[in-house]
Amino acid sequence: MARFNSFGQTDIDALARLAARVDGLTKAAISKADSRSIASVRRRFEPAAKRAIREVYTVRAGDLKGRFSVRSGKVEGSEYLSLRASTQKLSLIAFNGRWGGRRTPGATASIQVGKRKVYTSAFIARIGGQRRMVVRQFSRDATAPSGRDGRRKLRLLSGASAFQMVMGENEIVASKLAREMNEYRSSELVRQLQLARKRKR
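Because the structure is a prediction, the values reported are computed rather than measured.

**Q** Please explain the overall build of the protein as it appears in this structure.
**A** Scanning the protein from N- to C-terminus turns up 4 helices and 10 strands. Secondary structure of the protein in N-to-C order comes out as β-α-α-β-β-β-β-β-β-β-β-β-α-α. Evaluated residue by residue, the protein yields a buried proportion of 41% over its 201 residues. In the protein, the proportion of contacts linking residues at least 24 apart, taken out of those at least 6 apart, comes to 61%. For the protein, the computed accessible surface area is about 12100 Å², with 47% contributed by carbon and sulfur atoms.

**Q** Help me understand the side chain of Arg67, please; the structure alone is not making it clear to me.
**A** Among the secondary structure elements, Arg67 is positioned in the loop between helix H2 (27-54) and strand S2 (68-75). Lacking a salt bridge, the buried Arg67 has Asp63 as its closest oppositely charged neighbour, with an N-O distance of 7.0 Å. A polar atom in the side chain of Arg67 sits 3.4 Å from the backbone oxygen of Gln88.

**Q** Looking at this structure, I do not really get the packing of aromatic side chains. What am I missing?
**A** For any two aromatic rings, the description comes down to two numbers: the centre-to-centre distance and the angle of the planes. Within this structure, the stated rule accounts for 1 aromatic pair. With a centroid separation of 5.8 Å and an interplanar angle of 50°, the aromatic rings of Trp99 and Phe123 are classed as tilted. Of the two residues, Trp99 sits in the loop between strand S4 (89-91) and strand S5 (106-109) while Phe123 sits in strand S7 (residues 123-127), which places them 24 residues apart along the sequence. Take Trp99: its relative accessible area is 32%, and that puts it in the partly exposed class. The aromatic ring of Tyr184 is capped on one face by Arg44, whose charged end is 3.8 Å from the ring centroid.

**Q** I would appreciate a short explanation of unusual backbone geometry in the present structure.
**A** Excluding glycine, a negative phi dihedral is what most residues carry, and trans is how most peptide bonds are arranged. Phi is positive for Ser121, close to 70°, though the residue is something other than glycine. Relative to the elements of secondary structure, Ser121 occurs in the loop between strand S6 (117-120) and S7. When its relative accessible area of 28% is taken as the criterion, Ser121 is described as partly exposed. Although it is not a glycine, Glu171 sits at a positive phi angle of roughly 55°. In this structure, Glu171 sits in the loop between helix H3 (162-167) and helix H4 (172-200).

**Q** Can you help me understand the pattern of salt bridges in this one?
**A** Opposite charge on two side chains makes pairing possible when the charged atoms of those side chains draw close. Under the defined criterion, the tally for this structure stands at 6 salt bridges. The salt bridge partner of Asp34 is Arg185, with a shortest N-O separation of 3.0 Å. You can see Asp34 sitting in helix H2 and its partner Arg185 sitting in helix H4, a full 151 residues away along the chain. Of the residues examined, Asp34 reaches a relative accessible area of 17% and is grouped as buried. Among the ionic pairs, Arg60 bridges to Asp63, the shortest N-O distance being 3.1 Å. Relative accessible area serves as the criterion here: at 55%, Arg60 is assigned to the exposed category.

**Q** Looking at this model, I keep getting lost on the sheet that holds S7. Mind explaining?
**A** One key point about sheets: their strands pair by backbone hydrogen bonds, in either a parallel or an antiparallel sense. Read from one edge to the other, the open sheet built from 3 strands follows the order S7-S8-S9, with strand pairing classed as antiparallel. Two strands lie at the open edges of the sheet, namely S7 and strand S9 (154-156), each paired on one side alone. Each strand of the sheet is rotated relative to its neighbour by a mean of 60°, with strand direction disregarded. The sheet contact formed by S7 and strand S8 (residues 130-136) spans 5 bridges and is antiparallel.

**Q** In this structure, what is going on with the side chain of Ser37? I would like to understand it.
**A** As for its position among the elements, Ser37 is in helix H2. You can call Ser37 buried: its relative accessible area is 0%. Contacts of Ser37, omitting those with residues within four sequence positions, involve Arg185, Glu188, Leu189 and Gln192.

**Q** I would appreciate a short explanation of the environment of Ala107 in the present structure.
**A** With respect to the secondary-structure elements, Ala107 resides in strand S5. Other than its neighbours up to four places away in sequence, Ala107 contacts Arg98, Trp99, Lys117, Val118, Tyr119, Ala122, Phe123 and Met133.

**Q** Just checking my understanding: could you explain H2 for this structure?
**A** Look at H2: 40 Å from first C-alpha to last across 28 residues, which is about the 40 Å you get at 1.5 Å a residue. At Phe45, H2 is bent by approximately 35°, the largest bend along its length, and proline Pro47 sits one to four residues beyond.

What counts, and at which threshold
- Residues numbered from 1 in each chain as written.
- Predicted model: local features only at pLDDT ≥ 70, side-chain atom pairs only at ≥ 80, totals over all residues.
- Heavy atoms only, no water.
- Helix = DSSP H or I, 4+ residues; strand = E, 2+ residues; numbered from the N terminus.
- Buried < 20%, exposed > 50% of the residue type's maximum accessible area, 1.4 Å probe, protein only.
- Contact = heavy atoms within 4.5 Å.
- Areas by Shrake-Rupley, 256 points an atom, 1.4 Å probe, with all protein chains shown as cover.
- Lys, Arg positive; Asp, Glu negative; His and termini not counted.
- Salt bridge = Lys/Arg side-chain N within 4 Å of Asp/Glu carboxyl O.
- Polar contact = N/O pair within 3.5 Å; in protein donor to acceptor, adjacent residues only side chain to side chain.
- Phe/Tyr/Trp six-rings, centres within 6.5 Å; stacked < 30°, edge-to-face > 60°.
- Lys NZ or Arg CZ within 6 Å of the ring centre and 35° of its normal.
- Pairing = 2+ DSSP bridges.
- Axes fitted to C-alpha atoms, helices over the stretch in contact; angles between N-to-C directions.
- Expected span 1.5 Å × (residues − 1).
- Bend = angle between axes of the 7 residues up to and from the residue.

Dropping the structure here:
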């Protein structure tokens with residue numbers, strides 16, 4: 001899996017901690033609020049990644065299951081979360097793949113929303129009990145006039161991987177996801193510090 005990093009410490013977070021110290025919260029209470037805010041972001045990170053991906057790509061949420069993990073670390077004393085995304089490509093049929101039959105030029109798929117493409121000579125077949133988008137391979141030894149091998153020699157067509165979709169064109173998804181997680185992290189830290197103040201009273 002490849003890694004996509006989200007936030008580090010921000011000025012807003014530092015100001016929130018400073019205000020909490022002025023209000024009399026202990027370092028332990030602030031650290032606890034910090035940890036709780038990180039835990040909240042951790043729970044939200046993967047669902048947010050799936051939503052951001054599906055705004056740009058046609059993949060179903062179920063096809064992204066098990067393709068992410070969220071881990072934490074520290075850099076110069078500042079905690080961060082990283083989203084690890086699988087680099088294994090999804091089957092092309094997962095991207096709204098369709099095939100109209102033998103009289104069509106080939107099967108179609110729409111990896112990105114609104115961008116359907118025809119894959120010449122491709123068709124949909126059941127391989128290992130699952131529907132897949134495939135194309136027959138060419139071979140010098142093939143007996144067919146077309147030069148393609150028989151049904152047993154098929155090439156599976158793939159779309160994008162979870163990592164490719166997160167990083168995407170111009171990192172649109174990655175930038176949006178990082179911004180969303182940073183904003184949520186800051187607001188959640190403020191909320192947790194407010195709760196800590198109430199418990200202190």
